[in-house]
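Chain residues, written in single-letter form:
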Amino acid sequence: MLSVNNISVGYKGLLAVQDVSFEINKGEIVCLVGSNGAGKTTIVKTIAGLMHPGKGEILLQGSPIHQTPPYDIVKKKVSMIPEGRRLFGRLSVLDNLLLGAYSLDSREEIDETLQSVYKLFPILKERKGQRAETFSGGEQQQLAIARGLMSRPELLMLDEPSLGLSPKLVSEIFEIIREISGNGVTVLLVEQNVFEALSIAHRAYVLQTGRVVMEGNGEDLLKSDMVRKAYLGM
């Protein structure tokens, strides 16, 4: 579904990502893991069209998208859940969801998508008139994911979905991600919580200082001495 080929991306002349390549096949959960500052968020922003690589290419189902603006990336069925959730706090749950559906063409399609999102997140239906800023951190993360699903993506990218959540809520969010994948959505997950991420990943890439230093399936990377020492404290 997605091929990232030798991209380098920088801020004000400093490279944050150097010669990074990876692939995501349809139906997979693929994780980018690594410490803060490894380049994970930069990669996701570049795929989403918020940044453009100085070198390399990004292909979505064989077509280049690395110079495509973000609003057209969404229309190509790619959705990004940003770090920190970035909800419209003073707007209601329903209004936040409807803003996520701006790329859909018909009211019927929007209503159908709303119902599927409510099925995945029942609390959002119960409290659809409530302002987003009154939600707890875990509830806001559910709303952020739901808003991303409103564009009916084929590829869903999540940037640090566990950030600031309690261990119990982290487990719930990762179970939701697994369920979304089971519904046929391909998932790119960016995460510092390496154990949880690798536990649900089909494949993963480990980043250090802007470069891919390891890759493999989630189970094998969990057993890797390098991963266990660097990220799991073992």
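Check the entry above for the structure.
Positions within a chain are numbered from 1, following the residues in the order the chain's sequence is written. Per-residue local features of the predicted model are confined to residues with pLDDT of at least 70, and side-chain atom pairs are confined, for both listing and counting, to 80 or more; whole-chain, interface and lining totals are unaffected and use all residues. The basis for every side-chain value is the complete set of heavy atoms in the structure, and neither hydrogens nor water enter the calculation.

Draft legend 1. Layout of the pattern of salt bridges. By convention in these notes, a salt bridge is any Lys or Arg side-chain nitrogen within 4 Å of a carboxyl oxygen on Asp or Glu. A full pass over the atoms with the stated rule returns eleven salt bridges. Ionic pairing is found between Arg 152 and Glu 109, a salt bridge with its closest N-O pair at 3.6 Å. Here Arg 152 is found in the loop between α6 (137-149) and β7 (155-159), whereas its partner Glu 109 is found in helix α4 (residues 107-120), with 43 residues between them in sequence. Relative accessible area decides the class of each residue, using a 1.4 Å probe on protein chains only: under 20% of the type maximum gives buried, over 50% gives exposed, and in between gives partly exposed. On the accessibility criterion, Arg 152 (31% relative accessible area) is partly exposed. On the basis of relative accessibility, which here comes to 23%, the residue Glu 109 falls in the partly exposed class. Here Arg 127 makes a salt bridge to Glu 139, at a shortest N to O gap of 3.0 Å. Taken together, the residues span a long stretch of sequence, with Arg 127 in the loop between α5 (122-126) and α6 and Glu 139 in helix α6 at a distance of twelve residues. Where helices and strands are cited, they refer to DSSP runs of H or I of at least four residues and of E of at least two residues respectively, numbered from the N terminus.

Draft legend 2. Here's a closer look at helix α7 (residues 167-182). Multiplying 1.5 Å by the helix residue count minus one yields the expected span of that helix. With 16 residues, α7 should reach 22 Å at 1.5 Å per residue; the first-to-last C-alpha distance of 23 Å fits that figure. Among the residues of α7, Val 170, Ile 173, Phe 174, Ile 176, Ile 177, Ile 180 and Ser 181 are the ones counted as buried. Looking down the long axis of α7, one finds its buried residues gathered within 150 degrees of arc, a one-sided arrangement. Across α7 from its buried face, at more than 90 degrees, point the exposed residues Lys 168 and Gly 182. Working rule for contacts: check all heavy atoms of both residues, and any pair within 4.5 Å makes them a contact. On its buried face, α7 is in contact with β3 (29-33), α4, α6, β7, β8 (186-191) and α8 (194-200). Gly 184 occupies a position one or two residues after α7 and carries a positive phi of about 100 degrees. Directions are taken from the helix axis to each C-beta atom, and the arc is the one they span.

Draft legend 3. Representation of the nonpolar core in the model. With 47 residues, the main nonpolar core has Leu 97, Phe 121, Leu 124 and Leu 189 as its most contacted residues. Looking at this core, the element that brings in the most residues is α7, giving six residues. Residues within four places of Phe 121 in sequence aside, it is in contact with Gln 142, Ile 145, Ala 146, Leu 149 and Ile 176. The set of buried Ala, Val, Leu, Ile, Met, Phe, Trp, Tyr and Cys residues whose side-chain atoms join them within 4.5 Å is what this entry labels a nonpolar core. Counting 29 residues, the second-largest nonpolar core is a separate cluster that includes Ile 24, Ile 43, Ile 65 and Ile 73.

Draft legend 4. The layout of surface pockets, seen in detail. When its volume is computed, the largest pocket comes out at roughly 620 Å³. Points on a 1 Å grid over protein atoms alone make up a cavity when a 1.4 Å probe fits among them but cannot get out, and a pocket when they form an open set with protein on both sides within 12 Å along at least five of seven lines; lining residues each have an atom within 4 Å of a point. In terms of lining residues, the largest pocket is bounded by 25 residues, among which Val 74, Ser 79, Met 80, Pro 82 and Arg 147 are the most central. Each residue belonging to the lining of the largest pocket can be placed in one class, and the counts come to 15 nonpolar, five polar and five charged. Grid points are joined across faces, edges and corners, and a volume is the space filled by probe spheres set on the points. Its volume calculated, the second largest pocket comes out at about 350 Å³. Secondary structure elements with two or more residues in the lining of the second largest pocket: α4 and α7. When grouped by side-chain class, the residues that make up the lining of the second largest pocket number six nonpolar, four polar and five charged. Only Asp, Glu, Lys and Arg are considered charged, only Ala, Val, Leu, Ile, Met, Phe, Trp, Tyr, Cys and Pro nonpolar, and every remaining residue, Gly among them, polar.

Draft legend 5. Highlighting a nonpolar patch on the surface. The patches reported here contain residues having more than 30% relative accessible area and no salt bridge. Joining distances are 9 Å for like charges and 5 Å for nonpolar side chains (Val, Leu, Ile, Met, Phe, Trp, Tyr). Each accessible area is a Shrake-Rupley estimate made with a 1.4 Å probe; only the visible protein chains count as cover when residues are assessed. There is a patch of nonpolar side chains on the surface, built from Phe 88, Leu 91 and Leu 99 and spanning about 250 Å² of accessible area. Here Leu 91 lies in the loop between β6 (78-81) and α3 (93-100).

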